Amino acid sequence: MYGFNVTQQTFSYDNRPVTPLVDLPFDQWWFHGFLDYPPNEGDVVELPAGGSVNAELSCDKGATSWWPTSDGGDAGYGSNWPCPGQDSSQFHTTGIEDVKGCALAIADKTNASDVQPDDFTIFSVNQTCVWYLNTEFQVPAEMPACSGANCVCAWFWVHSDDSGAEQMYMNGFNCNVTGASSTTAIGQQMLPRQCGNDSSTGLVANPGNCTIGPKYPMYWLQAEGNNMFEGYYDVPYYGDKMGFHDGAQNDIFQDAYVSSLGPGSATATANARREVPVAAATPTPNPDKRSMMKRHKRMVNVAGHGSL
């Protein structure tokens, strides 16, 4: 993971991978500000086409299999609970029914410094994330090999609005597709669209509004670089609400389109090529909809193959 080998003395502010991202300039939230701190050479996560990869998601590096390199030593390794000794509010949920899912994205670039926001495509979603420390992400069977020595991947999470202040999470890592048998490239992405139920906002499912095919990650609530502009409590999470089904995203090998318009429509094509904005204002919380007593919890990171 980018930033995995960094000590906090490197930064004048709390930039641990576990720290959430909100209202930040682009260079601080993109790759969590760790582009200059790559993994050790050769540390590449293998993504078996048609298989799965396990991610360790935790509040504390000391609770993962990397605990021997944690300053605090063993903090509960062996438990499948993300935050040993702490309740679920530490990872922003009131219970397993309140988790909203997280996702892995891939860009066919060798160097992370060359990756732009619209290079990433979400290829796997786990809708029970982040309830378990060990979290399986399925890889599409048709995933093509990386064109270079490796690809660049990232883990994304936007949590429920029911526990803690709103933020997003992103951490990057180098990856490589193994066992590839297909040469079909990932298609032209589009932005996700609200199309599933959301009881917290009263959204009623409208499958015709779904984006079908490859989708960008959702960049939200930052000072600049957002591509999603939902309100503070209208959380765009990696689940059915935004058209992300559980498991491998096997529909990414075509150009994206809006379900009701069908593939190849003029509107779908125009929307697919919408550029990710460079800067955007952060939505302002609505004090009338939720109590402003919601506490800002910053305890969890889920970082592909590495945690705090």
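In the annotation of an unreviewed UniProt entry, the chain is listed under the name Lytic polysaccharide monooxygenase and assigned to Daedalea quercina L-15889. Within the UniProt record for the chain, the comment given under Cofactor (unreviewed entry) is "Cu(2+)".

*Asks:* Just to check I follow, could you spell out the overall build of the chain for this structure?
*Replies:* Across its full length, the chain carries two helices and eleven strands. In the chain, the order of α-helices and β-strands from amino to carboxyl end is α-β-β-β-β-β-β-β-β-β-β-α-β. Counting the 308 residues in the chain, one finds 53% classified as buried. At a minimum sequence separation of 6, the contacts of the chain that also span at least 24 residues come to 76%. Split by element, the accessible area of the chain, about 12,700 Å² in all, is 48% carbon and sulfur.

*Asks:* Any chance you could explain the side chain of Thr 121 here in plain terms?
*Replies:* Mapped onto the fold, Thr 121 is located in strand β4 (residues 121-126). If near-sequence neighbours (up to four positions away) are discounted, Thr 121 is found in contact with Leu 104, Ala 105, Ile 106, Ile 186, Gln 189, Pro 214, Lys 215 and Ile 252.

*Asks:* For this particular structure, what's the right way to read the packing of aromatic side chains?
*Replies:* Given two aromatic rings, one states the distance between the centres and the angle between the planes to describe the pair. Going through the model one piece at a time under the given rule, you end up with 20 aromatic pairs. Aromatic side chains Trp 155 and Trp 157 sit 6.1 Å apart centroid to centroid with 40° between the ring planes, which places their arrangement in the tilted category. Through successive ring pairs, a cluster of aromatic residues spans Tyr 2, Phe 26, Trp 29, Trp 30, Phe 31, Phe 120, Phe 156 and Tyr 219. The ring of Phe 4 carries Lys 61 above its face, with NZ or CZ at 4.3 Å from the centroid. Above the plane of the ring of Phe 244 lies Lys 215, whose end atom (NZ or CZ) is 5.2 Å from the centre.

*Asks:* Can you help me understand the nonpolar core in this one?
*Replies:* A general tendency of soluble globular proteins is for nonpolar side chains to be buried together. The biggest cluster of nonpolar side chains holds 38 residues, and the ones touching the most others in it are Phe 120, Phe 156, Met 170 and Tyr 238. Listing elements by their share of this core, those giving two or more residues are β3 (102-107), β4 and β6 (151-157). Counting residues in hydrophobic clusters, the runner-up holds 25 residues, among them Val 53, Leu 104, Cys 151 and Cys 153.

*Asks:* How do you make sense of the side chain of Ser 124 when you look at a structure like this?
*Replies:* Note on placement: Ser 124 falls in strand β4. The buried category is assigned to Ser 124, whose relative accessible area is 0%. A distance of 2.7 Å separates a polar side-chain atom of Ser 124 from the backbone oxygen of Gln 138. Not counting residues within four places of it along the chain, the set of residues in contact with Ser 124 comprises Cys 102, Ala 103, Leu 104, Phe 137, Gln 138, Gly 247, Ala 248 and Gln 249.

*Asks:* Where do I start with the pairing of strand β7 (residues 169-178) in this structure?
*Replies:* Both faces of the sheet carry side chains from a regular strand, because those side chains alternate between them. Most of β7 is tucked away: eight of the ten residues are buried. As judged from the four bridges shared by strand β1 (residues 45-48) and β7, these two strands associate in the parallel manner. For Val 45, the partnering residue across the bridge sits in β7 and is Cys 175. Summarising the sheet, β6 and β7 pair through seven bridges and their orientation is antiparallel. In the strand pairing of β7, Cys 153 is matched with Phe 173.

*Asks:* When you look at the state of the cysteines in this model, what are you seeing that I'm missing?
*Replies:* Each disulfide consists of one covalent bond between the sulfur atoms belonging to two cysteines. Summed over all chains, the structure comprises five disulfides. Here Cys 59 pairs with Cys 83 through a disulfide, and the sulfurs are 1.6 Å apart. The chirality of the disulfide connecting Cys 59 with Cys 83 is right-handed, given an S-S dihedral of about 50°. Pair noted here: Cys 59 is in the loop between β2 (52-58) and β3 and Cys 83 is in the loop between β2 and β3, with a separation of 24 residues, a long-range link. Given the relative accessible area of 6%, Cys 59 is considered buried. Disulfide pairing is shown between Cys 153 and Cys 175; the S-S distance is 2.2 Å. With the S-S dihedral at roughly 85°, the linkage between Cys 153 and Cys 175 falls on the right-handed side. Of the two residues, Cys 153 sits in strand β6 while Cys 175 sits in strand β7, which places them 22 residues apart along the sequence. With respect to class, Cys 153 is no different from Cys 175; both count as buried. When the cysteines engaged in disulfides are numbered in sequence order, the chain pairs them as 1-2, 3-4, 5-6, 7-8, 9-10.

*Asks:* Explanation requested: the layout of surface pockets in the structure shown.
*Replies:* Each pocket or cavity is described by its volume, and for the second largest pocket that value is around 300 Å³. If you go around the second largest pocket, you meet 18 residues; those closest to its centre are Ile 106, Ala 107, Asp 108, Asp 119 and Ile 186.

Calculation criteria
Residues numbered from 1 in each chain as written. Predicted model: local features only at pLDDT ≥ 70, side-chain atom pairs only at ≥ 80, totals over all residues. Heavy atoms only, no water. UniProt positions renumbered as here; feature names shortened; annotations may be inferred. Helix = DSSP H or I, 4+ residues; strand = E, 2+ residues; numbered from the N terminus. Buried < 20%, exposed > 50% of the residue type's maximum accessible area, 1.4 Å probe, protein only. Contact = heavy atoms within 4.5 Å. Areas by Shrake-Rupley, 256 points an atom, 1.4 Å probe, with all protein chains shown as cover. Phe/Tyr/Trp six-rings, centres within 6.5 Å; stacked < 30°, edge-to-face > 60°. Lys NZ or Arg CZ within 6 Å of the ring centre and 35° of its normal. Core = buried A, V, L, I, M, F, W, Y, C linked by side-chain atoms within 4.5 Å. Polar contact = N/O pair within 3.5 Å; in protein donor to acceptor, adjacent residues only side chain to side chain. Pairing = 2+ DSSP bridges. Disulfide = S-S within 2.5 Å. 1 Å grid on protein atoms, 1.4 Å probe; cavity = no way out; pocket = protein on both sides within 12 Å on 5 of 7 lines; lining within 4 Å. Points joined across faces, edges and corners; volume = space filled by probe spheres on them.

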